[in-house]
Amino acid sequence: MQVLRIFFVTLIGLTAVLAVYPYYGKLLQEGWTTEASPEALAGDIYVVDDTRFQVIQFTLTSSFENASFMLGTSRSYEYVMTNGSVDDDAVVIANPSGQMVALRSYYLENVVLTLPDGASITDYKYIAVGNRNTKALYGGVEIPESISVPAPVNIGTFTSRAHQVSSGDVTVLTDRSIRIESFTYDGYGPDAFFYVGTTETVRIQSSPYGKIADENGIIESKAGRYNAKTITLTLPSSISATDLTWLSMFCITYSHNFGEVVFPETLNVPPHLGTVMREMSEEFNCEPLSDDLHISWLVSGDSIMFELAGRIDRSTDYMAFGLSGNLERAQMIGSDIVVADYRLDSEPRAIDYYIQGYAQCSSNGGVCPDDSSFVSSTDDVMGVGAEVNQGITRISYSRALITADVDNQKDQEYKTDGTPQQIVWSIGPINSLNQAAKHYAVGGRLTTSKAINFGRDVADNCPIFEDKDRVELPKFTPHHLYGKEGTVFTAEIGQSASEQGYKALTDLPSWGIAWYINGILVPELHLQRGISYTFRVAGGTNSSLGSMYHPFYFTNSVEGGYEQTQSPDEVIFQGTENGEKKDFAVGDYCEWKLNLDAEEKIYQCFEELKEDLFLDCVNEPTSYTEFVFTPSSDHPSILYYQCYTHKNLGWKINIYDELPTEEIPAQDCTSTATTTAGTTIKDPTATTSALEKLNINDNAGIILSSSLPLLFMALVFCYTA
């Protein structure tokens, strides 16, 4: 038996600096141990992390019958091959597309293999290619018992030298991504950047080392102020953390180091898979979905790779793309989508979703991950990678053209026969359960039907993302309702007004709907102990229709949604219905909806929004359920009215022994809003087209409105006193 090796060398030119060879992870072996020829079975095998292998330039011809990747559980590869080459205990794993089917032919392709759920590489003796039916092995590689699997490495904290630079733990997540916890820097250096090098001391570096992009992918502008902020930096493709000596906040003009963290001599970390599609090919399809979102794709054999590129707020937002639930037009219900995000303090995610209804994911449907208990399917997304550059977040992922979930209609087939397919997309916030919440109201979803031919000839139709100004949307001010003797409250569902409304009032993410009490969006209630209050509830009675079923209840949870969370720390405060104690109340469904002919505009306050709303009830006359609640000494001073089945629909109740003598008045509605240039929008009926020029994207964390004065302009240098 021989060990076959293939070496592929590409001469790309000579430079003054030696280029870094791509880092693929922990090398298991160059080539497979096999009797087959190198033209038939080849590739170098690496360990990516505890659950993934990577085979570089994998070659497999059609001469191998029913070939699959297999893992040895009880015997070494050498033992199996010297005793008949059949291992009945070998475990067959999914192919690179995530399917449990035989491998196709490959020629010099890089593939990533994922272990079964709950499995670890150290559980196995070898990895091999073999016959999935007979368990005869064609070629394999031993996995040493003492193998050190690549994993994130904590390399310490920044040394503080100037300008208040400090940090918590710095972790090398992959060879190109570095997380810095609680990073602080005063922002006063005139030419300071995140800066990496390979020299023994921190000093000016030659290309490709030197300054790197910040957490938003921006490299042209000097670093701003950081106040104990956790961030993740992504190194360019020409640099690997395994070759670095230090990372610094460095002032280039004055060659001054404000503070650095030092890398160990050896780093055994996972490779950064990045946007795999762009690494595999310079030619791929791309279509603009909006000014802020593009979709690219590349068909490879029986799989398809995607890249979502968007102008989003990484601290809060997701991007979603997939196939419509209707063959003729755009429809979210029944759609097969992938929801992707790349949070500032975590690795990128791309998750398979099936949309059953316009509601949060719960037992009665909604927007749910495929692998949730409410869908009971499989997450078929694989090979997730990400990059951030010039403020644009790119997340790549792949899946099979036809997954196993196509049979149960939770996934759809991506067709390559020239058939155009209706698509859907959205941008919105991630909720506290790390799931997709409702898309943003402006610029957050597909508004007209669009079909894509995924099997077309390669065409890149995407323009360059244009820089846009940002504005800060006016935030609604809170309303307060006081419960005197005999006070009756009406509880109905209505529009949450997203970032302007629910988010601004509660500092919690919004699904898109919320409780309206006496026709007001989530007012803060003030109630007195010993007084019985009647709440007339109209949240829906059909428990099978999640988007129109919102039981009203009282709780100590600021978010509610007990059916979702089942939190042992939550306390439910019962009310009574017809004298019987109950945890929650339901009633006919009523919703405050936006008039279809209402012109899209920037609402300066809730009162302006209310003028464009109307109350739509399922039944006329409406049957409200009377839910009586009597605060007592057993109730805390603060509790919340919420929805039992969904999170973040309600708000705060203040409980007193005696109501305050002075009530908090409602604030007047303002008529101006400040833009990024410091000007004002005098006409509150500005149309969407005008808003899009200002990039008004109902979005969390929108950038500050006016430029700050330059403090100590003539005095601040890189050096401190």
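Residues numbered from 1 in each chain as written. Predicted model: local features only at pLDDT ≥ 70, side-chain atom pairs only at ≥ 80, totals over all residues. Heavy atoms only, no water.

We now examine the overall build of the chain. Per the secondary structure count, the chain includes six helices and 45 strands. A buried classification covers 54% of the 721 residues belonging to the chain. For the chain, contacts bridging at least 24 residues in sequence account for 68% of all contacts bridging at least 6. Counting only carbon and sulfur atoms, one obtains 49% of the accessible surface of the chain, whose full area is about 31900 Å². (Helix = DSSP H or I, 4+ residues; strand = E, 2+ residues; numbered from the N terminus. Buried < 20%, exposed > 50% of the residue type's maximum accessible area, 1.4 Å probe, protein only. Contact = heavy atoms within 4.5 Å. Areas by Shrake-Rupley, 256 points an atom, 1.4 Å probe, with all protein chains shown as cover.)

For Glu30, the position within the fold is in strand β2 (residues 26–30). Residues Glu30 and Ala42, spaced 12 residues apart in sequence, show a C-alpha to C-alpha distance of 8.9 Å.

For helix α3 (residues 499–506), the tally of buried residues reaches six of eight residues, placing the bulk of the element in the interior. Residues Glu499, Gln500, Gly501, Tyr502, Leu505 and Thr506 constitute the buried set of α3. Its buried side turned inward, α3 meets β33 (513–517), β34 (520–521), β44 (638–643) and β45 (651–656). After α3 finishes, the residue Asp507 shows a positive phi value of roughly 60 degrees.

To continue, consider the environment of Ile452. By the element assignment, Ile452 lies in strand β30 (residues 451–452). Sequence separation between Ile452 and Gln422 is 30 residues, and the spatial gap between their C-alpha atoms is 6.6 Å. Ignoring any residue separated from it by four or fewer positions in sequence, one finds Ile452 in contact with Glu287, Ile295, Trp297, Phe321, Thr419, Pro420, Gln421 and Ile423.

This part takes up the pairing of strand β21 (residues 293–300). Within β21, seven of the eight residues are buried, which leaves it mostly tucked inside the rest of the structure. Bridging between strand β20 (residues 285–290) and β21 involves five bridges; their strand directions are antiparallel. Directly across from Pro288, in β21, lies its bridge partner His294. Here β20 hands over to β21 after two residues, the two strands then running antiparallel side by side. Both β21 and strand β22 (residues 303–310) contribute to a ladder of eight bridges, which runs antiparallel. Within β22, the position partnered with Leu293 by the bridge is Gly310. In textbook terms, the turn of a hairpin is the stretch between consecutive antiparallel strands, and for β21 and β22 this stretch comprises two residues, one of which, Gly301, has a positive phi near 60 degrees. (Pairing = 2+ DSSP bridges.)

Right, let's get into the sheet that holds strand β5 (residues 52–60). Reading across from one edge, β2-β4-β5-β8 is the order of the four strands in this open sheet, with antiparallel pairing throughout. The open sheet is flanked by β2 and β8 (106–114), the only strands paired with a single partner. Between one strand and the next, the sheet's axes are offset by a mean angle of 15 degrees, whatever the strand orientation. (Axes fitted to C-alpha atoms, helices over the stretch in contact; angles between N-to-C directions.)

What follows covers the sheet that holds strand β25 (residues 349–355). Taken in spatial order, the six strands line up as β26-β25-β24-β23-β29-β30 in an open sheet, and their pairing is antiparallel. Of all strands in the sheet, those with a lone pairing partner are β26 (367–369) and β30, marking the two edges. Note: strand β23 (residues 317–323) against strand β24 (residues 336–341), five bridges, orientation antiparallel. By the bridge assignment, Met319 is partnered in β24 with Ala340.

A few words on the side chain of His294. You can see His294 is positioned in strand β21. Other than its neighbours up to four places away in sequence, His294 contacts Cys286, Glu287, Pro288, Leu289, Glu307, Leu308, Ala309, Cys462, Pro463 and Phe465.

Over the atoms rolls a probe the size of a water molecule, and in doing so it shows where empty space is left. Evaluated as defined, the whole model comprises four cavities of 30 Å³ or more. As for the largest cavity, its lining consists of Gln360, Asn431, Ala437, Pro509, Ser510, Trp511, Lys647 and Asn648. Broken down by class, the residue content of the lining of the largest cavity amounts to three nonpolar, four polar and one charged. (1 Å grid on protein atoms, 1.4 Å probe; cavity = no way out; pocket = protein on both sides within 12 Å on 5 of 7 lines; lining within 4 Å. Points joined across faces, edges and corners; volume = space filled by probe spheres on them. Nonpolar A, V, L, I, M, F, W, Y, C, P; charged D, E, K, R; others polar.)

Here we come to the confidence of the model for the chain. Confidence in the prediction of the chain, expressed as mean pLDDT, is 84, and 87% of residues score 70 or more. Low confidence marks residues 1–20, where pLDDT is under 50. Its contacts with residues over four positions away, or in another chain, come to 33 contacts. Note on residues 671–721: pLDDT under 50 across the span, and 102 contacts to partners over four residues away in sequence or across chains. (pLDDT = per-residue confidence, 0-100.)

Moving on, we come to the side chain of Gln29. Of note, Gln29 is situated in strand β2. Here the side chain of Gln29 touches Thr33 through a polar contact of 2.9 Å, side chain to side chain. (Polar contact = N/O pair within 3.5 Å; in protein donor to acceptor, adjacent residues only side chain to side chain.)

In this structure, Trp515, Phe535, Phe552, Phe554 and Tyr641 are the most contacted members of the largest nonpolar core, which totals 56 residues. Of all the elements, β33 adds the most residues to this core, at five residues. Sequence-distant contacts of Phe554, that is, excluding residues within four places in its chain, are made with Phe535, Val571, Ile572, Phe573, Phe627, Phe629, Leu639, Tyr640, Tyr641 and Ile653. Ile231, Leu233, Leu244 and Leu267 belong to the second-largest nonpolar core, a separate cluster that totals 32 residues. (Core = buried A, V, L, I, M, F, W, Y, C linked by side-chain atoms within 4.5 Å.)

Ser207 connects to Pro208 through a cis peptide bond whose omega is 15 degrees. Inspection of the secondary structure assignment puts Pro208 in the loop between β15 (192–197) and β16 (210–211). Note that the residue after Glu620, namely Pro621, is joined by a cis bond; omega there is 0 degrees. The topology assignment puts Pro621 in the loop between β42 (613–617) and β43 (625–629). In this model, Asn518 sits at a positive phi of 55 degrees, which is unusual for a non-glycine residue. Structurally, the position occupied by Asn518 is in the loop between β33 and β34.

A few words on the pattern of salt bridges. Within the structure shown, the criterion is met by 22 salt bridges. Note that Arg161 and Glu260 form a salt bridge whose closest N and O atoms lie 2.7 Å from each other. Placement of the pair is Arg161 in the loop between β12 (159–160) and β13 (170–174) and Glu260 in strand β19 (residues 256–262), with a sequence separation of 99 residues. Residue classification places Glu260 among the buried residues on the basis of a relative accessible area of 8%. Note that Asp616 is salt-bridged to Lys593, the shortest N-O span being 2.9 Å. Note that Asp616 is positioned in strand β42 and Lys593 in strand β41 (residues 590–594), a separation of 23 residues in sequence. When its relative accessible area of 29% is taken as the criterion, Asp616 is described as partly exposed. (Salt bridge = Lys/Arg side-chain N within 4 Å of Asp/Glu carboxyl O.)

Once that is clear, we can look at the state of the cysteines. Here a disulfide denotes one covalent bond, and it connects the sulfur atoms of two cysteines. According to the stated counting rule, one finds three disulfides in the structure shown. Bridging Cys286 to Cys462, the disulfide has an S-S length of 2.0 Å. In this structure the cystine formed by Cys286 and Cys462 twists about its S-S bond by roughly -90 degrees; its chirality is therefore left-handed. With Cys286 in strand β20 and Cys462 in the loop between β30 and β31 (480–482), this pair connects stretches of sequence that are 176 residues apart. A residue is classified by how much of its surface remains accessible, and Cys462, at 17% relative accessible area, is buried. One disulfide bridge connects Cys361 with Cys368, the sulfur atoms lying 2.2 Å from each other. Disulfide Cys361-Cys368: torsion about the S-S bond near 110 degrees, hence right-handed. Across the pair, Cys368 and Cys361 agree in class, each one buried. (Disulfide = S-S within 2.5 Å.)

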